[in-house]
Amino acid sequence: MRRKLLETRHICTIEQTRISQAEEQALPGHAKLLRSVRKLRLASDQHPSTEKHLKSSHQIDKENERLLESFPPYIVHPFSLLRMYSDVVVFIVMNLHLMLLPFAFSFLAFQPHSARHMVEYVDLCLCLILVTEFVATFCTGYVVHETNEIVLEPRKIFLNRLRPFRLVYDLLLFLPYILLLEVFDELILEAGAETCLTFVSFLYLFNITRFRDSNRYFSVIPRSLEMPESTVRIVLVIMNTLYVLHWTTCLGYIIPVLLKTSPNLDTGDQEQLLQVMQMRMQHPNVSAVLNTVQNPFVRLRLTDLQSNASTSYRYFRSMMVTLRVSLASSEKQDLEQHFIYHWIMWLVMFLGWLWFNYIPVVLCRFFDSPEMAKDQYDKFMANLKAFVYNKRLSVPLEQKLRENFATRFRTRYFDEEMIMGLFPQNLRSSIRMETCRHLVGSVDLFKNLPYFVLTDIVNCLRLEIYLQDDVIIAAGSYGDSMYFLAAGTVAVYAMSGKELGHLTDGAYFGEISLIKRNQQRTANVVALEACEIYRLSHEDFQNVIKPHNYLLNRIRKRAEQRLAMMKRKKDKMYGKKLIEAFLQ
C-alpha cells in the first residue's frame, strides 16, 4: 500500500489532477511549508499501523476527509506522521528519564552540587517533553482495539484520557522528582531515613512497570523497519530485563545507605558514615575512621569514599551484587544485618527468580508458537525466502512474492480453508455475505435480486491480489469474468493510452462478460497500488442464474441497454473527433 518512489511510478495524466498538481507546485515556499506542516496531522500511508486498519489509499483519503470536515484543526490522527515521529522521540525521552531518575538518587545524592546540577537540568528538560506529550494525547485520536474503530471526537478523547487511574498514572510519570535531589542528603537528617526510604520505594513501585509504556512507544520503530515479530519480542525481553535490572541495582545501592545512616540507629559506625557522606567525600580523616569501623557494610562504603571510586565502578559493582542475589547465588557477606534489608533482598531474589524463569518460557513461545498468527506469518516468510533461494528467483520477483503475501494476510497468517471448513454451510455463507455483500449489492445488474441468489453469487467470488503496475484487464482481450475492487486503486486507460479515470474501493468492472462471454475489452485496467479484488467468472454466474430464467432475462435486458448506451457514447465521441479533424 505504501507508495514506492520508483522511476516507473504512476504519473497521472487526468486533466483535473494535472491542474491541481500544477497549482500546488506554483504555490510560494511559505505556503508549501505550511501545507506540509498541516499534512503532518493527517493519516499517512507511511505510518506502520495504517496498513492494518486502512487497506487502501482511498480509505486513507476518506479518513482524512472525515478529519478535516468534521473535527477541529487541533485533532491529530493516530496514524499521522506527527504521531509516528513523536512516538520515537517520547520512547527515547521516557527511557532516558526513567534510567536517569534512580541513578541520580542512588549514586549522585552525596556528590557535590556542581556534579548534580547538569543532571537536574537534563531531567527537567525530559520532564518538559513528557508534559508536552501528555497534553498532546488530549488532541490525538485513538483506536478501539476490540472493534478497530478510529475515534477522533474531542469529547471521547478527553473522557478516555480522564479516566481516574490512567490520569494519576500518567501524571506520576513526569513529576519533577529530580528537584528533591538538591536536599536529599539533608532530608535524611531532617525527615529521617525511613521517610527517604519510603520515597525511593515509591519511585521504584510506580516506575518499575513503566516498561509497558516504553514498549508501546517502541512498537512503531520495528514496524517501520519491518522487523520480524519474533525478533521484536526478543528485543523487548532484553530491553525490559535491562530496565528492571537497572532500577533494582540503584535501589539495592541506596537502601542500605539509608538504613545504615539512619539517625535512629545510635551507633558510632553509622554516625561516622553519615558524617563522611555529608561532607561529600571531603572528610579529612577517612583513613582514621576506616581503621576503627567494625561494620562490614560501613567499611565497604568508606572504602569507596577513600579510594574515590568512580560512579560507574560503584554502579557496576552494585549490579553484580543484584544479579547474584536475583540468581540466589549471593554470598553471606553480601546481605546486611538489618531486617528491612533482609526482606528487600528476599523480595529481589524472589522477583529475580520469577523474571529469569519467565524469559525461557517467553523464548520457547517465540520458537514454538503455532497458535500465534504473527509467528506463523514470520515462519511462512522464512519458508518463502528458502523457496526463492532454492529456485534462484530474481530479487524483483522475490519482492513481488513478499508484497503479495503481505497484502493478503496483513502480517497475520491464517488458514482460511481450514477455518471455513470448521463451520456449516449456512455460517460460511453468512461470513462471505458480511464480507462481500456491499460489493455485489452496488452492481446495477444485481439490483432487486432475491437474497438467496445474492448469497449464491457471493459464494462464487474468488479473492485475487494485484500489485502495483499489474495489468488486471488488457484492452483487446476477451473477457470471461467480472471484478469487484474490495480495496485499492486502479487506473483505466483507453486503447490509445489515454488515462480515463480511477476506480477505488467498492467499484466494479467487466460486468458485461457475465452475459456475453468473449466480449472484447475496450480498456486497460492497471493497479496503482496493492489491490484486493474479487473475481466472478462467467461460468459460475451462469450456473447460479440459469435456474431462474426470469431473472436471467431481466439481467440480460439491462446488460443490452447498457451496451447500447456505451455504443452511443462511443459513436458520439468518434463523431466529435471527426468534426474536429475536418475543421482543422
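Residues numbered from 1 in each chain as written. Predicted model: local features only at pLDDT ≥ 70, side-chain atom pairs only at ≥ 80, totals over all residues. Heavy atoms only, no water.

Within an unreviewed UniProt entry, the label attached to the protein chain reads Cyclic nucleotide-binding domain-containing protein, and the organism entered is Anopheles farauti.

**Quick look at the overall build of the protein chain**
Quick reminder of the rule: Here a helix means four or more residues in a row that DSSP labels H or I, a strand means two or more in a row labelled E, and each is numbered from the N terminus. In this analysis, two residues are considered to be in contact whenever any of their non-hydrogen atoms come within 4.5 Å of each other. The protein chains shown are the only cover counted for residues, whose accessible areas, like all others here, come from Shrake-Rupley with a 1.4 Å probe.
Secondary structure summary: the protein chain contains 25 helices and 12 strands in total. Here the analysis covers contacts within the protein chain between residues at least 6 apart in sequence; of these, 75% occur between residues at least 24 apart. For the protein chain, the computed accessible surface area is about 32,500 Å², with 61% contributed by carbon and sulfur atoms.

**Focus on a nonpolar patch on the surface**
To keep things clear, this is the line we draw: A patch is a set of surface residues, each over 30% in relative accessible area and not in a salt bridge, joined within 9 Å for like charges and within 5 Å for the nonpolar side chains Val, Leu, Ile, Met, Phe, Trp and Tyr. In what follows, salt bridge is the name for a side-chain nitrogen of Lys or Arg lying within 4 Å of a carboxyl oxygen of Asp or Glu.
A cluster of nonpolar residues, F414, M418, I419, L422, F423, L427 and I431, forms a patch on the protein surface that exposes about 590 Å² of accessible area. Mapped by element, the contributors of at least two residues to the nonpolar patch are α21 (416-421) and α22 (425-441). Inspection of the secondary structure puts L422 in the loop between α21 and α22.

**Description of unusual backbone geometry**
Short version of the rule: Relative accessibility under 20% of the residue-type maximum defines a buried residue, over 50% an exposed one, and the middle range a partly exposed one, all with a 1.4 Å probe and only protein chains included.
The phi angle at R392 is positive, at roughly 55 degrees, despite the residue not being glycine. Considering the arrangement of structural elements, one finds R392 in the loop between α19 (373-391) and α20 (395-409). With a relative accessible area of 64%, R392 lands in the exposed category. A positive phi angle is found at D469, which is not glycine, with a value near 75 degrees. Residue placement: D469 occurs in the loop between β3 (462-466) and β4 (471-473). Here D469 falls in the partly exposed class, since its relative accessible area comes to 37%.

**Concerning the UniProt feature "transmembrane region" (unreviewed entry) in the protein chain**
Here is the rule we go by: UniProt positions are given in the numbering used here, feature names are shortened, and annotations may be inferred rather than shown by experiment.
Here, UniProt's "transmembrane region" (unreviewed entry) annotation points to residues 88-109, 121-144, 165-181, 187-206, 234-255 and 340-364. For residues 88-109, helix accounts for 91% and strand for 0%, while the C-alpha atoms at its two ends are 31 Å apart. For the annotated span residues 234-255, helix accounts for 100% and strand for 0% of the residues, and the straight-line distance between the end C-alpha atoms is 32 Å.

**Here's the deal with the packing of helix α5 (residues 81-107) against helix α11 (residues 211-218)**
In plain terms, the rule: Throughout, an axis means a line fitted to C-alpha atoms (over the contacting stretch in the case of helices), and angles, computed between N-to-C directions, take values from 0 to 180 degrees. The handedness criterion is simple: a crossing whose near helix is rotated anticlockwise from the far helix by less than a right angle is left-handed, and one whose near helix is rotated clockwise is right-handed. Just so you know the grouping, Ala, Val, Leu, Ile, Met, Phe, Trp, Tyr, Cys and Pro go in nonpolar, Asp, Glu, Lys and Arg go in charged, and all remaining residues, Gly too, go in polar.
Contact geometry of α5 with α11 gives a least axis separation of 8 Å together with a crossing angle of 145 degrees. α5 and α11 meet at a crossing whose hand is left-handed. In contact with R83, D87, V90, F91, M94 and N95 of α5, α11 contributes D213, S214, Y217 and F218. Within the contact of α5 with α11, the residues separate by chemical class into 5 nonpolar, 2 polar and 3 charged.

**Notes on the nonpolar core**
Heads up, the rule is: Each nonpolar core is a collection of buried residues, namely Ala, Val, Leu, Ile, Met, Phe, Trp, Tyr and Cys, held together in the definition by side-chain atoms within 4.5 Å. The start and end points of each domain follow an automatic or database-based domain assignment.
Counting residues in hydrophobic clusters, the biggest one holds 48 residues, and the most contacted among them are F105 and F184. When residues of this core are sorted by domain, at least three fall in each of domain 1 (38-225) and domain 2 (246-368). The residues touching F105, leaving out its near neighbours within four places in the chain, are Y177, I178, L180, L181, F184, F199, L203 and I254. Formed by 28 residues, the second largest nonpolar core is a distinct cluster that contains L445, L514, L551 and L552.

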